[in-house]
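Listed below are the residues making up each chain.
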Amino acid sequence: MAKQNQILLTLAFLISLLVSSAIGAAEKPRGVTYDSRSLIVNGNRELFFSGSIHYPRSPPEMWPDIIRKAKEGGINLVQTYVFWNIHEPIQGQFNFEGNYDIVKFIKEIGKQGLYVTLRIGPYIEAEWTSGGFPYWLREVKNITFRSYNEPFVYHMKKYAEKVIELMKKEKLFAPQGGPIILAQIENEYNNVQLAYKENGKKYIEWAANMAVGLYNGVPWIMCKQKDAPPSVINTCNGRHCGDTFTGTNGPNKPSLWTENWTAQYRTYGDPPAQRSAEDLAFSVARFFAKNGTLTNYYMYYGGTNFGRTSSSFVTTRYYDEAPIDEFGLMRDPKWSHLRDLHRALRLSRRALLWGTPTVQKINENLEITVYEKPGPDHMCAAFLTNNHTKLPSNITFRGAEYYLPEKSISILADCKTVVYNTQTVVSQHNSRNFVPSEKAKNLKWEIYQEKIPTIHDLALKNRDPLELYSLTKDKSDYAWYSTSINLDRRDLPMRPDILPVLQIASMGHALVAFVNGQYVGFGHGNNIEKSFVFRQPVILKPGINHITLLAETIGYPNSGAYMEKRFAGARGVTLQGLMAGTLDITLNVWGHEVGVYGEKEQLFTEEGAKKVKWTSLAGPPPGPVTWLKTYFDAPEGTDPVALRMNKMQKGMMWVNGKSLGRYWASFLSPLGQPTQSEYHIPRAFLKPKNNLLVVFEETGGHPETIQIVTVNRDTICSMITEYHPPNVKYWERSGSKFRAVVEDLKAGAHLTCPDDNVIEKVEFASYGDPDGACGNFYMGNCTSPNSIKVAEKYCLGKHTCSVPVEREVFDEPNKDPCPNIFKTLAVQVKCVVPKKR
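Residues numbered from 1 in each chain as written. Predicted model: local features only at pLDDT ≥ 70, side-chain atom pairs only at ≥ 80, totals over all residues. Heavy atoms only, no water.

*Asks:* Give a description of the overall build of the protein chain that names residues and reports values.
*Replies:* A tally of regular secondary structure across the protein chain gives 16 helices and 46 strands. Against the globule reference of 28 Å for 837 residues, the protein chain gives a C-alpha radius of gyration of 31 Å, in line with a compact fold. Seen through its principal axes, the protein chain has C-alpha atoms that stretch 110 × 80 × 60 Å. Expressed as a percentage of its 837 residues, the buried residues of the protein chain come to 58%. Look at the contacts in the protein chain between residues 6 or more apart in sequence, and 73% of them connect residues 24 or more apart. (Helix = DSSP H or I, 4+ residues; strand = E, 2+ residues; numbered from the N terminus. Rg over C-alpha atoms; globule rule 2.2 N^0.38 Å. Buried < 20%, exposed > 50% of the residue type's maximum accessible area, 1.4 Å probe, protein only. Contact = heavy atoms within 4.5 Å.)

*Asks:* Lay out the sheet that holds strand β37 (residues 691-697) in plain terms, naming residues and giving numbers.
*Replies:* Strands pair in a sheet through their backbones, by hydrogen bonds, and they do so in one of two ways: parallel or antiparallel. One open sheet holds the 6 strands; their spatial order is β31-β20-β32-β37-β34-β35, and the pairing between them is antiparallel. Two strands in the sheet have a free side with no partner beyond their single neighbour: β31 (615-616) and β35 (658-664). Where strand β32 (residues 626-632) lies against β37, 7 bridges are found, and the strand directions are antiparallel. Residue pairing for β37: Y631 is matched across the bridge by L692. (Pairing = 2+ DSSP bridges.)

*Asks:* If you had to explain helix α9 (residues 277-289) to someone new, which residues and values would you point to?
*Replies:* An ideal rise of 1.5 Å per residue puts 18 Å on 13 residues; α9 measures up with 18 Å between its terminal C-alpha atoms. Every buried residue belonging to α9 is among A277, L280, A281, F282, S283, V284, A285, R286, F287, F288 and A289, and all of these are buried. Remark: N291 follows α9 within two positions and exhibits a positive phi of approximately 80°. (Expected span 1.5 Å × (residues − 1).)

*Asks:* Describe the sheet that holds strand β18 (residues 418-421), listing the residues and the values that go with them.
*Replies:* Spatially, 5 strands are ordered β12-β13-β14-β17-β18 in an open sheet, and the strand pairing comes out antiparallel. Where the open sheet ends on each side, the last strands, each with one partner, are β12 (356-361) and β18. Along the sheet, successive strands turn relative to each other by an average axial angle of 15°, direction set aside. In this structure, strand β17 (residues 408-412) lies alongside β18, joined through 3 bridges in antiparallel fashion. (Axes fitted to C-alpha atoms, helices over the stretch in contact; angles between N-to-C directions.)

*Asks:* Outline the pattern of salt bridges, supporting the account with residue identities and numerical values.
*Replies:* One pass over the structure, following the stated rule, counts 45 salt bridges. With a closest N to O distance of 3.8 Å, E321 and R331 form a salt bridge. A residue pair is termed long-range when its members are at least 10 positions apart, and E321 in the loop between β11 (292-301) and α10 (334-347) and R331 in the loop between β11 and α10 qualify at 10 residues. Connected through shared salt-bridge partners, D320, E321, D325, R331, R432 and R713 make up one network. (Salt bridge = Lys/Arg side-chain N within 4 Å of Asp/Glu carboxyl O.)

*Asks:* Pulling in residues and values, what's your account of the pairing of strand β42 (residues 758-768)?
*Replies:* The buried count for β42 comes to 8 of 11 residues, which makes it a mostly enclosed element. Both β42 and strand β46 (residues 824-832) contribute to a ladder of 9 bridges, which runs antiparallel. What sits directly across from F764, in β46, is Q828.

*Asks:* Give me the state of the cysteines: which residues, what numbers.
*Replies:* All chains considered together, the criterion is met by 6 disulfides. Residue C236 pairs covalently with C241 via a disulfide, S to S 2.0 Å. Linking C236 and C241, the disulfide has an S-S dihedral of approximately -85° and is accordingly described as left-handed. Judged by its relative accessible area of 5%, C236 falls in the buried class. Covalently, C717 is tied to C774 through a disulfide, its sulfur atoms 2.0 Å apart. Judged by the sign of its S-S torsion, about 70°, the cystine formed by C717 and C774 is right-handed. (Disulfide = S-S within 2.5 Å.)

*Asks:* Describe a nonpolar patch on the surface, with residues and values.
*Replies:* The grouping of Y403, Y723 and F822 at the surface amounts to a nonpolar patch, some 350 Å² of accessible area in total. Relative to the helices and strands, F822 is located in the loop between α16 (807-810) and β46. Looking at F822, the relative accessible area reads 64%, which means it is exposed. (Patch = residues over 30% accessible without salt bridge, like charges linked within 9 Å, V, L, I, M, F, W, Y side chains within 5 Å. Areas by Shrake-Rupley, 256 points an atom, 1.4 Å probe, with all protein chains shown as cover.)

*Asks:* Any details on the packing of aromatic side chains? Residues and values, ideally.
*Replies:* Summed over the entire model, instances satisfying the criterion amount to 48 aromatic pairs. Between W84 and Y159, the aromatic rings sit 4.7 Å apart at their centres with planes inclined by 10°, giving stacked as the arrangement. On the criterion of sequence distance, the pair formed by W84 in helix α3 (residues 84-87) and Y159 in helix α6 (residues 150-169) is long-range, its members being 75 residues apart. On the accessibility criterion, Y159 (1% relative accessible area) is buried. Through pairs of rings, three or more aromatic residues link up here, namely W84, Y123, F133, W136, F145, F152, Y159, Y189, Y196, Y203, W206 and Y562. K629 extends its terminal NZ or CZ atom over the ring of W614, reaching a point 5.3 Å from the ring centre. (Phe/Tyr/Trp six-rings, centres within 6.5 Å; stacked < 30°, edge-to-face > 60°. Lys NZ or Arg CZ within 6 Å of the ring centre and 35° of its normal.)

*Asks:* Just give me the short version of the nonpolar core, but keep the residues and values in it.
*Replies:* Among the nonpolar cores identified, the biggest contains 123 residues, and M167, L341, L345 and V419 are the most heavily contacted of them. Take this core: its biggest share by element is 9 residues, from α6. Beyond its immediate sequence surroundings of up to four residues, V419 is in contact with A344, L347, I411, A413, P726, V728, W731 and F738. (Core = buried A, V, L, I, M, F, W, Y, C linked by side-chain atoms within 4.5 Å.)

*Asks:* Summarise the confidence of the model for the protein chain; cite the residues concerned and give the values.
*Replies:* On average, the protein chain scores 94 in pLDDT, and the residues at 70 or more come to 96%. Counting interchain partners and residues more than four positions distant, the pLDDT-below-50 stretch residues 1-27 has 0 contacts. (pLDDT = per-residue confidence, 0-100.)

*Asks:* Which residues make up the side chain of S476, and what values do they have?
*Replies:* Residue position: S476 is located in the loop between α12 (468-472) and β22 (478-487). Among the residues examined, S476 registers a relative accessible area of 2% and is labelled buried. Among the polar contacts listed, one links the side chain of S476 to the backbone nitrogen of Y478, at a separation of 2.9 Å. A distance of 2.8 Å separates polar atoms of two side chains, one belonging to S476 and the other to E599. Those residues in contact with S476 that lie beyond four places of it in its chain are R308, T553, V594, G595 and E599. (Polar contact = N/O pair within 3.5 Å; in protein donor to acceptor, adjacent residues only side chain to side chain.)

*Asks:* Lay out α6 in plain terms, naming residues and giving numbers.
*Replies:* End to end, α6 covers 28 Å across 20 residues, agreeing with the expected 28 Å (1.5 Å per residue, within 8%). Turning to α6, its buried residues are P151, F152, V153, H155, M156, Y159, A160, V163, I164, L166 and M167. Among the residues trailing α6, K171 stands out with phi positive, at a value near 55°.

*Asks:* Any details on the environment of G399? Residues and values, ideally.
*Replies:* Note on placement: G399 falls in the loop between β15 (393-397) and β16 (400-404). Among the residues examined, G399 registers a relative accessible area of 76% and is labelled exposed.

*Asks:* Provide a residue-level description of unusual backbone geometry, including the pertinent values.
*Replies:* With an omega dihedral of -5°, the bond running from Y298 to M299 counts as a cis peptide bond. Take M299: it is sitting in strand β11. Between D332 and P333 the backbone carries a cis peptide bond, its omega angle lying at 15°. Residue placement: P333 occurs in the loop between β11 and α10. Within the chain, D755 stands out as a residue other than glycine whose phi angle is a positive 55°.

*Asks:* Quick rundown of the packing of α9 against α10? Include the residues and the values.
*Replies:* Across the interface, α9 lies against α10 with an axial gap of 9 Å and an inter-helix angle of 20°. For the element pair α9 / α10, the angle class is roughly parallel. Along this stretch, α9 crosses α10, giving a crossing that reads as right-handed. Where α9 approaches α10, its residues A277, E278, L280, A281, V284, A285 and F288 are matched on the opposing element by K334, H337, L338, L341 and L345. In the contact of α9 with α10, the residues fall into 9 nonpolar, 1 polar and 2 charged. (Parallel < 35°, antiparallel > 145°, perpendicular 65-115°, else oblique. Left-handed = near helix turned anticlockwise from the far one by under 90°. Nonpolar A, V, L, I, M, F, W, Y, C, P; charged D, E, K, R; others polar.)

*Asks:* Describe the environment of I106, with residues and values.
*Replies:* Within the secondary structure, I106 is located in helix α4 (residues 102-111). Given a relative accessible area of 0%, I106 falls into the buried group. Along the primary structure I106 and Y519 are separated by 413 residues, whereas in three dimensions their C-alpha atoms are 49 Å apart. Those residues in contact with I106 that lie beyond four places of it in its chain are V116, L118, M167, L172, P179 and I180.

*Asks:* Describe the side chain of T715, listing the residues and the values that go with them.
*Replies:* Within the secondary structure, T715 sits in strand β38 (residues 707-721). A polar side-chain atom of T715 sits 3.1 Å from a polar atom in the side chain of N433.

Structural data, given as C-alpha cells:
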C-alpha cells in the first residue's frame, strides 16, 4: 500500500510538472518571426490591419478613445513614428513626458489588446518640421544628413540606442511580453539614395546592421527600399500596392504595406484632399488577393499639428480625411466600410494564410483569385475582381454567376458566398456639423499692438540680412530685420502720382513689410515654390527712413536630399523708382532679432498677459502684428470643440497657454475658400469657465467674426440598392464551419446614432432613384411618396434602426411609381442626445 501511494505521489508530481511546464510555455512569449507568407507572432500566423496614430498629434486624454475606435474598426496593429526633435530638442536633454510620453501611449495600445509597429526613423518625414530631426543636429560640424557620414551616423545611432533601450527597459517588445512586433529604421530612402552615391548604399547597409544589432527580437522593416539588406524586410508605400509593389527582395520576406494613404495631407492653398472608401477598400482587397497579409492606413487618425510642428506650409489639421477625423470622430463610410472589409478578410483568414493561391484571368479586366487547401479541413476563399473603371460585369465561378460593379472586388469567404464587395457600401454614412456654441459666444476682445522696431532697437547687426533658418534656430516662426536709409529731397520722385517701390527677393517663406512704422504689405511663397518676390509702392520722406521686415518661417522642410543645406529669408532688397534709379540696400547693414515681443513675454499665458496693457477692441479691425485676448466658458455638452477663423488672416492661437498651432485663413484654395477654417481645441485644454484665448494676428483680420463651435457627426445616412449584398456581420466562422447568423439575409438601410443618441428626425428619404451624398441628397426622377413615412416608422426615437429595401414595404404593387427600375433607398436622419425623463 505504501509503495502504491509512493507511485501515485510520484505520478502526481510528474503530472504537476508537466502542467506547470505547459502553462509556462503557454504564458511565455515566443517572439516574432516571419516567412514569405506572413508575420508569425508567438507561433501564430495572423492578418494585420494596421492604422497610423501619432501620439504628439493629440493630447494623452484622447489616446484611449482613439485607440478604442480603431479597435472597433477592426484594427489590430497601431503604427507610430518616434519624433526625435520633440524628445531631444536640446542636445543631451530628453523629454518623454506629457504629450510626448510614448511609453504611456504604447502601453495603452497594449492594454487594449493591439500590437505596435515602432518607426524610429530617426528620419520620419511625416509632414513634420525637419522630418523629425532636431535643429541642433543641423549645426553639428561637417554633418550630412542621411548619408554614410561620421557625424550623422554617430548621432543617429546614439538616438536609436536611446529609444531602443527605453523600449527594452519598459518591456514593450513582444518577446518581453509587450505589444511591439515590428520596428522600422530609416524611411523611404530610395527617394534620395542616388543623391548620396556610394555613401547612400553604405548608409542603408550600416543602418540595417545597426538596427538589428541594437535589438533582434522583432523584425526590422524599411519602406520603399527595393535593395533593402537581407536582415530587414522591404515594404510598400502608396495608394495601390497590390499593383505597384514589385515584391520583396528576398524569398523568405512577407509582403507588407506600411503606408496606404487614406487621402492626402494638405498644404495652405490646397483644395480638399479626398479618397473614397470604395477606392481604399479595393486597394486593400487587391493587396490581400496578391499574398499581402499586412496593410497600414496612413493615417487612420490624422490629428493636429499643434504648436510649430508641421513642416513647410503644411496645415495645422493633419489627414482629416482619415477613418477617424481630426476631432476623434468616426468618418463614415470610410471607417465602417473598412471595418466590414476587415471582417470579410478575417472570415477568409485560414484560407489566406494556409491555402495555395491560383489566379485565373478571364479577360483584360476580369480576374479570379482562389486560396484553397483541400482535405478534411477544407479551406477556400476567393476574390472576384472587375478592374474596369466604368462598366459593371457578370462573372461565372464554379457554376454560379456573380454581379461585379465597376472597379470592384467581391470576397467569397467560402468560395460560394459574397460577404463583401468593395464598391457596394452597405455601412452607414455620416456628415460633419459645426455648431456655434451658446455658452461661448459674444466674445469680448482686447488688443495689444506690437511695436515696430527700427535698426536701433535690434542688437544683432550684420552687413546683409542673415539667413532665416540659422537665425531663428527653430525657436520661433518670426524674426525682425531692419535697416535705415537717409534720403535727400532730390532722391525722391517729384511727381505726386509716382511712388518708389520696395522690392524684396526672398527664399521664403513669408514676410510682413513696414516703412517708417507703417504697414506696407504681406508676401509669401507656397509649398511648391517657397521663394517669392515682394513688390509694393511705399511712401518715403526726406531724411531717415526705416525699413523693417517681419520675416517668417512656416515649418522647416521635411523631405529631399541634403536637408541640412536648405535656406530661407530675404536675399536681395532694393528701392526702385528713385530719381537716381534703383538703389540696392541689401548690404546696407541690418539689425536682427528672433521672435516678437509678445511671444517672448508669453502674452498667451495668464502671467504673461499681465505684463502689458490691453485695450478694448472698438472701431475698425486691428492692424497687423496685433495680439488679441478674450475669455470664454467651456462649450455645452461633450462634443469636440473648434475655433472658426475664416475671416482672420494669418497667425497663431493659444488656449490657456497651450498652442493650437498656426492658422492661415487668407491663403485661399483654387475654390476661393480657406484651406482650413476650423482649428481643434481639445477638451483636455479647457477649464469649465474663464478659458484664456489669445491670438497673434500678423496682417490684420476681423476678430469679431471668430466663433467657438462644437463638432458632431450626428447626421447619419444610408444609401442602399436592391443588389447590395447583406452586411458582412450576418456571417461568422467557427473553425472550418461558415454559416449565417440571421435568417433574413436581405439588404437594408442600417443606421446607428453615435454614443447613446437617438434619431430625432428623418431629414431625407427616397426609395426610387435618389442621388447625392450624406448631407446633400437630392431626389431623382422617381420616388415612392411613402418614403419619409416608412423611414419614420422604422427609425424615429430609436438609437439604431433598419429599413428594409423591399418594394412591398414602400408601395402596393399597382401603385409603384417606377416598377421597371432597380431601386435605391437613401435615408438621412438627425441624432440628438435623448431627453432626460
